[in-house]
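Each chain, written out:
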Amino acid sequence: MTDSFHLLTIDVEDWPQSTLNHSLPISGRVVANTHAVLELLEEANVRATFFVLGKVAEIHPQLSGDIVARGHEIGTHGYSHESAEKMPLSRFREELHKSVDLLRQQTGQPVIGHRAADFSISQRSLHLLECLVDEGLAYDSSIFPIRHPRYGIPRARRHPHLIRCASGRTLIEFPLSTIRVAKIALPAAGVGYFRLFPFWWTRLTLRALEREGSPGTCYLHPYELDFTEMDEIQYRVPTLLRWSQSANRRSVRSKLQRLLSTFRFITMSVACDFLGPQMGVGLELAKAPLTYELSANVRPRGARI
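Residues numbered from 1 in each chain as written. Predicted model: local features only at pLDDT ≥ 70, side-chain atom pairs only at ≥ 80, totals over all residues. Heavy atoms only, no water.

## Let's talk about the nonpolar core
Then, number 1: The biggest cluster of nonpolar side chains holds 63 residues, and the ones touching the most others in it are Leu 8, Val 12, Phe 50, Leu 129 and Leu 259.
Then, number 2: Ranked by residues supplied to this core, first place goes to helix α2 (residues 29–44) with six residues.
Then, number 3: Setting aside anything within four residues of it in sequence, one finds Leu 259 in contact with Leu 8, Phe 194, Phe 199, Thr 202, Leu 206, Cys 218 and Phe 265.
Then, number 4: Of all hydrophobic cores here, the second largest spans 13 residues; its members include Leu 7, Ile 172, Cys 272 and Leu 275. (Core = buried A, V, L, I, M, F, W, Y, C linked by side-chain atoms within 4.5 Å. Buried < 20%, exposed > 50% of the residue type's maximum accessible area, 1.4 Å probe, protein only. Helix = DSSP H or I, 4+ residues; strand = E, 2+ residues; numbered from the N terminus. Contact = heavy atoms within 4.5 Å.)

Take a look at the structure:
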């Protein structure tokens, strides 16, 4: 086949615990919401990569098995959903191992991918990527090549690329989707950007990436489909946060259905097999200071299968 492809990723977490307060218990809504996503993917015959939070897997141990049974891929979203770069290195390693080991035991499948909570690998914490290969992981999808108050690396590569660790081992990085407008990378194809912006913005971004010969990485949370959550939640939620996190949730189901019917998607592990041999190195962890170099062209030569 010669169709362009993209990557659909689902961050499996419970909204109150992941966003409001990390000490809150995991609710049952995450199970129902994840199954709602699974049903939509089944209807569209699409396979996705699910980054499952360790705390969710711990409280709802059957959920990861349900995801794998539908033919999808499991990756780790860490354990606690706390910022990766704010943790001591020892705790980051501990939480990473705990989450990966838990998911491997629950699914009987290899776990080779990682996404940090809130994309919390920034220019200050690129050294954490070395921990991923130590844990036996093959790819990461934590870097958002935008300028944002809470996350992002504006100079990072916009297309999938290799990261060479100080040990010489390599890790594939799948950055989150952006579109370049007047030399500025703007976000698209995920979560708030998917909810709040019209669908044409996501379509425009993915078509632009196709012309650039690169797949786009789309992402959402199962709770994005849960438009009654904010009316039923038992916790106090600040007004601005309530609005930003609930606005346009009713639109997500139809937008996701349009996305699945418009573009071709594969899992990240399949993309690794296909794109890996074509990639150049975009970041060298043995160099100081740790920074992306803008001169080298590391874009895959045509994301088509």
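## Considerations on the environment of Glu 284
Then, number 1: With respect to the helices and strands, the residue Glu 284 is situated in strand β12 (residues 281–284).
Then, number 2: When the C-alpha atoms of Glu 284 and Ala 166 are compared, they prove to be 7.4 Å apart, with 118 residues separating the residues in sequence.
Then, number 3: Among residues more than four places away in sequence, those in contact with Glu 284 are Arg 164 and Leu 290.

## Quick look at empty space enclosed by the protein
Then, number 1: What the rule picks out here adds up to one cavity of 30 Å³ or more.
Then, number 2: For the lining of the largest cavity, the element with the highest residue contribution is helix α5 (residues 89–107), accounting for three residues. (1 Å grid on protein atoms, 1.4 Å probe; cavity = no way out; pocket = protein on both sides within 12 Å on 5 of 7 lines; lining within 4 Å. Points joined across faces, edges and corners; volume = space filled by probe spheres on them.)

## Observations regarding the pattern of salt bridges
Where side chains of opposite charge bring their charged atoms close, a pairing between them can arise.
Then, number 1: In total, this model carries 17 salt bridges according to the counting rule given.
Then, number 2: Across the pair Arg 29 and Asp 226 runs a salt bridge whose closest N-O atoms are separated by 2.7 Å. With a gap of 197 residues between them, Arg 29 in helix α2 and Asp 226 in the loop between β10 (217–220) and α9 (229–232) connect regions that are remote in the sequence.
Then, number 3: For Arg 91, the salt bridge goes to Glu 82, with nearest N and O atoms at 3.0 Å.
Then, number 4: On the basis of relative accessibility, which here comes to 27%, the residue Glu 82 falls in the partly exposed class. (Salt bridge = Lys/Arg side-chain N within 4 Å of Asp/Glu carboxyl O.)

## Here we look at the layout of surface pockets
Then, number 1: In this structure, the largest pocket occupies an estimated 570 Å³ of space.
Then, number 2: Elements represented by at least two residues in the lining of the largest pocket include exactly α1 (15–20), α7 (191–196) and α10 (239–246).
Then, number 3: Tallying contributions element by element places α7 first for the lining of the largest pocket, with five residues.
Then, number 4: Its residues placed into classes, the lining of the largest pocket shows 11 nonpolar, nine polar and seven charged. (Nonpolar A, V, L, I, M, F, W, Y, C, P; charged D, E, K, R; others polar.)

The values are spatial; any link to function lies outside them.
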